[in-house]
Amino acid sequence: MMPFANRYSFNVDGLKDCQATIARYYGVEKENILLTAGSSIVLDFCARFFYKTGGNIVAADPTFFVLPATAKKLGLIVNAVPIDSNRKIDLSAMLSTINNDTQLVYLVNPNNPTGTLLKPDAMKSFCAEASKKSAVLIDEAYLDFLDAPDNESMIPLAAGNPNILVTRTFSKIHGMAGMRMGFVISHPDRIKQLEQALFNESQVAISNLTLAAALASLQDEEHRAYCKQKNATSRDYAFKSLKEMKFDPIPSVTNFILFPIGNDYEGNFADFMLTKNIYLRSATYFGQKCCRVSVGTLDEMQQFIKVMKETWKA
Ligand SMILES: Cc1ncc(COP(=O)(O)O)c(C=O)c1O
């Protein structure tokens, strides 16, 4: 399909029903979904949307930074709930942290940067309980890397409850991070509020090219399965190699791996690795200096392990 760059998407036949097509794919109505230019904008925006003087949000620590960072900037208290000893989000601690001033609970599943998963049944009970007290935003950016039954989405719950919202992105399994495509799903009343506040009822923030690519990618189940398998192969190789080197990587279901590098490491590990042409992140989580490496091609992961071996030998 031609992207028709000279026209707005609502004037292009193939794109007119994009929202409805994506909604149908996820088993909801078009009134349940708001397409957005990536999903970070929804995270940033939800911190603003649910802002209330004296309010707080509840989020795991560590988790994806965007929503808590915006909340903090606005003056909301961020009640950060430490992950448990298995490096998983502690759902009962999250629940008991919600209080009368909680405006929003942010839960990333699978979590970033830990790469850990909470099972669907636990998630469903959590959503049911937490949404009685506060709005709950479930960020499912990495859920596409899982297989059934672990990849069960909270979308059906969100579609019928204004207090539950689910965000998804085309940046991960679809490989479209630079094209900027995501969406949020909730009850139609919530979606209408978000739409009026976020886009003023306009949907032109996403380019025709991006919409066309998203539709094509959504239909290409085979390619996504291929990418998932390639990702798992590279991830398993890196995980096993790090273990052999006596690191203690957290078992990951995503396209990244987090592992402590030891608090004795001096300097900025990410800066050092950049001098070796390897781009990754390093930060201190749960009191330990950690490295978070994205899963690339097998060649790239072999290169990463080679540099790790040279570095830790030296
Ligand atoms: C948990 C999580 N949510 C959302 C995003 C943002 O993705 P995007 O804005 O590209 O859709 C990321 C990106 O790394 C992420 O890790």
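Residues numbered from 1 in each chain as written. Predicted model: local features only at pLDDT ≥ 70, side-chain atom pairs only at ≥ 80, totals over all residues. Heavy atoms only, no water.

Here's the deal with the environment of Asn231
Here comes step 1: Mapped onto the secondary structure, Asn231 falls in helix α10 (residues 221-244).
Here comes step 2: A relative accessible area of 9% places Asn231 in the buried class.
Here comes step 3: Beyond its immediate stretch of four places on either side in the chain, Asn231 contacts Phe145, Thr254, Asn255 and Val295. (Helix = DSSP H or I, 4+ residues; strand = E, 2+ residues; numbered from the N terminus. Buried < 20%, exposed > 50% of the residue type's maximum accessible area, 1.4 Å probe, protein only. Contact = heavy atoms within 4.5 Å.)

Focus: the sheet that holds strand β6 (residues 164-169)
The pairing of strands in a sheet comes from backbone hydrogen bonds and takes either a parallel or an antiparallel form.
Here comes step 1: Taken in spatial order, the seven strands line up as β1-β7-β6-β5-β4-β2-β3 in an open sheet, and their pairing is mixed. Looking at the sheet topology across the chains shown, the edges are occupied by β1 (33-36) and β3 (77-82). Between one strand and the next, the sheet's axes are offset by a mean angle of 20 degrees, whatever the strand orientation.
Here comes step 2: The pairing of strand β4 (residues 102-108) with strand β5 (residues 135-139) spans five bridges and is classified as parallel. Looking at β5, one finds that Val105 is bridged to Val136.
Here comes step 3: Strands β2 (56-61), β3, β4 and β5 of the sheet are contacted by helix α4 (residues 66-74), whose axis makes an angle of about 145 degrees with β2.
Here comes step 4: Across the face of the sheet, helix α6 (residues 120-130) comes into contact with β4, β5 and β6 while running at roughly 155 degrees to β5. (Pairing = 2+ DSSP bridges. Axes fitted to C-alpha atoms, helices over the stretch in contact; angles between N-to-C directions.)

What to know about the packing of helix α3 (residues 40-49) against α4
Here comes step 1: Relative to each other, α3 and α4 sit at 30 degrees, their axes nearing to 8 Å. Considering their axes alone, α3 and α4 lie roughly parallel with respect to each other. Once α3 is placed against α4, the crossing between them reads as right-handed. Residues Ser40, Leu43, Asp44, Ala47 and Arg48 of α3 form the contact with α4, whose own contacting residues are Val66, Leu67, Thr70, Ala71 and Leu74. (Parallel < 35°, antiparallel > 145°, perpendicular 65-115°, else oblique. Left-handed = near helix turned anticlockwise from the far one by under 90°.)

Remarks on α10
Here comes step 1: With 24 residues, α10 extends 34 Å between its outermost C-alpha atoms, agreeing within 8% with the 34 Å of an ideal straight helix rising 1.5 Å per residue.
Here comes step 2: Within the span of α10, buried status applies to Arg224, Lys228, Asn231, Ser234, Arg235, Ala238, Ser241 and Leu242.
Here comes step 3: Buried-residue contacts for α10 involve α2 (18-25), α9 (208-219), β8 (256-260) and α12 (298-313). (Expected span 1.5 Å × (residues − 1).)

So, the layout of surface pockets
Here comes step 1: Approximately 1,000 Å³ is the volume found for the largest pocket.
Here comes step 2: Together, 42 residues line the largest pocket, and Asn112, Tyr142, Arg281, Arg292 and Ser294 are the ones closest to its centre.
Here comes step 3: When residues in the lining of the largest pocket are grouped by element, the largest group, four residues, is from α12.
Here comes step 4: The class makeup of the residues in the lining of the largest pocket is 23 nonpolar, eleven polar and eight charged. (1 Å grid on protein atoms, 1.4 Å probe; cavity = no way out; pocket = protein on both sides within 12 Å on 5 of 7 lines; lining within 4 Å. Points joined across faces, edges and corners; volume = space filled by probe spheres on them. Nonpolar A, V, L, I, M, F, W, Y, C, P; charged D, E, K, R; others polar.)

Digging into the packing of aromatic side chains
Here comes step 1: What the rule picks out here adds up to 16 aromatic pairs.
Here comes step 2: On the basis of an interplanar angle of 70 degrees and a centroid distance of 4.9 Å, the ring pair of Tyr25 and Tyr26 is categorised as edge-to-face.
Here comes step 3: On the basis of relative accessibility, which here comes to 34%, the residue Tyr25 falls in the partly exposed class.
Here comes step 4: Between Phe170 and Phe183, the ring centres sit 6.4 Å apart and the planes meet at 65 degrees, which makes this aromatic pair edge-to-face. One end of the pair, Phe170, is in the loop between β6 and β7 (182-185); the other, Phe183, is in strand β7, and 13 residues separate them in sequence.
Here comes step 5: Taking relative accessible area as the criterion, Phe183 reaches 1% and is therefore assigned buried.
Here comes step 6: Following the ring pairs from residue to residue traces out a cluster consisting of Phe247, Phe259, Tyr265, Phe269, Phe272, Phe304 and Trp312.
Here comes step 7: The ring of Phe256 carries Arg292 above its face, with NZ or CZ at 4.1 Å from the centroid. (Phe/Tyr/Trp six-rings, centres within 6.5 Å; stacked < 30°, edge-to-face > 60°. Lys NZ or Arg CZ within 6 Å of the ring centre and 35° of its normal.)

Topic: the site of the ligand
Here comes step 1: Neighbouring the ligand are 14 residues; Ser39, Ser40, Tyr142, Thr169 and Ser171 lie closest to it.
Here comes step 2: A distance of 2.7 Å separates an oxygen atom of the ligand from a polar side-chain atom of Arg180.
Here comes step 3: Across the complex, the protein chains shield 91% of the 400 Å² of accessible surface that the ligand would expose by itself.
Here comes step 4: A majority-of-atoms criterion places the ligand in the largest pocket. (Near = heavy atom within 4 Å. Polar contact = N/O pair within 3.5 Å; in protein donor to acceptor, adjacent residues only side chain to side chain. Areas by Shrake-Rupley, 256 points an atom, 1.4 Å probe, with all protein chains shown as cover. Sits in = over half its atoms within 2 Å of the grid points.)

Quick word on the domain arrangement of the chain
Here comes step 1: Domain boundaries assigned for the chain yield domain 1 (9-219) and domain 2 (222-313).
Here comes step 2: Centre-to-centre, using C-alpha coordinates, domain 1 lies 27 Å away from domain 2.
Here comes step 3: Both sides of the domain 1 and domain 2 interface together cover about 1,700 Å² of buried area, and 61% of this is carbon and sulfur.
Here comes step 4: Its largest share of buried area at the contact with domain 2, domain 1 owes to Arg87, Pro113 and Phe145, together 34% of the area lost on that side. (Domains from an automatic or database assignment. Buried area = accessible area lost by both parts, 1.4 Å probe.)

Points about unusual backbone geometry
One can expect most non-glycine residues to show negative phi and most peptide bonds to be in trans.
Here comes step 1: A cis amide bond links Asn109 to the next residue, Pro110, at an omega of -5 degrees.
Here comes step 2: Mapped onto the secondary structure, Pro110 falls in the loop between β4 and α6.
Here comes step 3: Here Ala148 and Pro149 are connected by a cis peptide whose omega angle stands at 0 degrees.
Here comes step 4: With respect to the helices and strands, Pro149 occurs in the loop between β5 and α7 (155-159).
Here comes step 5: Not every positive phi belongs to a glycine, and Asn277 is a case in point at roughly 70 degrees.
Here comes step 6: Among the secondary structure elements, Asn277 is positioned in the loop between α11 (269-274) and β9 (281-285).

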